[in-house]
Amino acid sequence: MSDATASQRKMHVKIAPGDVPRYAIIPGDPSRVPLIGEDWASYEEISFNREFRVARGTIGTTQLAACSTGIGGPSTDIAVQELSACGVDTFIRVGTCAALQEEIACGTLVISSAAVRLSGAADAYVGREYPAAADIAVTYALIEAAEELGATYTVGVTASVDSFFAGQDNPTPQAYRPSHIAHIVDDFRQQRVANIEMEAATLFVLGSLFGLRSGCICAVGSNRITRKREPSEEAIRLACRVASRAIELLAARDARAVELGKARWYPGL
């Protein structure tokens, strides 16, 4: 790396413009970066600092990257901002979640159409009345990839919270459980919220604000209504494969739009 390039390296992800292509998969867990890369034709890890593990490679003829974000909105904010400064404009979050509807079984993949904003990182940018919505083209690509790969999946609204414990009504010290915690899961159930996790809303808000495309797919490891808990490594692997295939589809559609002089791909183009 030249001195000029080294001086442009971002503080946290430790990469510079030109190090990664425009498409990136962003899991929370750093151990999922090489897991994602198992299905790529080529894989090269280029940095690992704190919770941010970055790799690049190819799937088919498409160049793509993966970068872990750690847990929650603040570190997701850092990853998205620094990756976008290095040229990434399309993000797919791959993660795990808890289902909030009885019929969504463990092992199901949830593709987020939007997110309930109960996390605080995006509040630094814009008020809570601003929506957290996934990009429609990314969402369609995730749906098509899930269908191609035979995944059991659903599409719905996701709740993003900042606290794994109080924010999700998981047990806290000394049985602390005020009324707003005690009813949060049932409120989400009645509101037809599909699942709960900790990063999608931050990603979606940043995407809309800064002209980035974003989507999210999560593997269900537990169901808060049925109380079943069945974490599945197979489901996580499938979510990773769906995300990689979705990027391959997006790249082909982006190329088609450019070929025809269109600003965006749409069905039938």
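Residues numbered from 1 in each chain as written. Predicted model: local features only at pLDDT ≥ 70, side-chain atom pairs only at ≥ 80, totals over all residues. Heavy atoms only, no water.

Digging into the packing of helix 3 (residues 73-85) against helix 7 (residues 200-210)
Where we set the bar: Angles here are taken between N-to-C directions and fall from 0 to 180 degrees, while the axes themselves are lines fitted to C-alpha atoms, restricted in helices to the stretch in contact. The helix and strand labels rest on DSSP assignments: H or I over at least four residues marks a helix, E over at least two residues marks a strand, and numbering proceeds from the N terminus. The sense of a crossing depends on the near helix, which, turned anticlockwise from the far helix by less than a right angle, makes the crossing left-handed and, turned clockwise, makes it right-handed. Every residue pair with non-hydrogen atoms within 4.5 Å of one another is taken to be in contact. Polar here means any residue outside two lists: the nonpolar Ala, Val, Leu, Ile, Met, Phe, Trp, Tyr, Cys and Pro, and the charged Asp, Glu, Lys and Arg; Gly therefore counts as polar.
One way to put it is that helix 3 packs onto helix 7 with a least axis distance of 9 Å and a crossing angle of 35°. The hand of the helix 3/helix 7 crossing is right-handed. Counting all contacts with helix 3, which are made through Gly73, Thr76, Asp77, Val80 and Gln81, the residues of helix 7 involved are Thr202, Leu203, Leu206 and Phe210. Grouping the amino acids of the contact of helix 3 with helix 7 by side-chain chemistry returns 4 nonpolar, 4 polar and 1 charged.

Re the packing of helix 4 (residues 136-148) against helix 8 (residues 233-259)
Filter applied, for reference: Roughly parallel covers angles under 35 degrees, roughly antiparallel covers those over 145, roughly perpendicular covers 65 to 115, and oblique covers all other angles.
At their nearest, the axes of helix 4 and helix 8 sit 8 Å apart, and the two run at 125° to each other. By the angle between their directions, the pair helix 4 and helix 8 is classed as oblique. Crossing handedness for the pair helix 4 and helix 8: right-handed. Residue-level inspection shows Ala137, Val138, Tyr140, Ala141, Leu142, Glu144, Ala145, Ala146 and Glu148 of helix 4 in contact with helix 8, the latter providing Val242, Ala243, Arg245, Ala246, Leu249, Leu250 and Arg253. Its residues placed into classes, the contact of helix 4 with helix 8 shows 12 nonpolar, no polar and 4 charged.

As for helix 4
Note the threshold: Each helix should span, by expectation, one fewer than its residue count multiplied by 1.5 Å. Partly exposed residues are those whose accessible area sits between 20% and 50% of the maximum for their type, while under 20% is buried and over 50% is exposed, using a 1.4 Å probe and protein chains only.
With 13 residues, helix 4 extends 18 Å from end C-alpha to end C-alpha; this agrees with the ideal 18 Å at 1.5 Å per step. Of the residues making up helix 4, those classed as buried are Ala137, Val138, Thr139, Ala141, Leu142, Ala145 and Ala146. Summarising the contacts, the buried residues of helix 4 are in contact with strand 5 (90-99), strand 6 (109-118), strand 8 (153-161), strand 10 (213-223) and helix 8. Looking one or two residues beyond helix 4, the residue adopting positive phi is glycine 150, at roughly 70°.

Section: the packing of aromatic side chains
Rules: Paired rings are identified among Phe, Tyr and Trp, the last through its six-membered ring, by centres lying within 6.5 Å, and are further divided according to the angle between planes into stacked (under 30 degrees), edge-to-face (over 60) and tilted (the rest).
A full pass over the atoms with the stated rule returns 3 aromatic pairs. Pairing tryptophan 40 with tyrosine 43 gives two aromatic rings, centres 6.0 Å apart and planes at 55°, and the pair type is tilted. Residue classification places tryptophan 40 among the buried positions, given a relative accessible area of 8%. Using a relative accessible area of 32% as the deciding quantity, one classes tyrosine 43 as partly exposed. Relative to phenylalanine 165, the ring of phenylalanine 164 lies with its centre 5.2 Å away and its plane at 85°, an arrangement referred to as edge-to-face. Note on phenylalanine 164: relative accessible area 45%, which makes it partly exposed.

None of this, on its own, says anything about what the molecule does.
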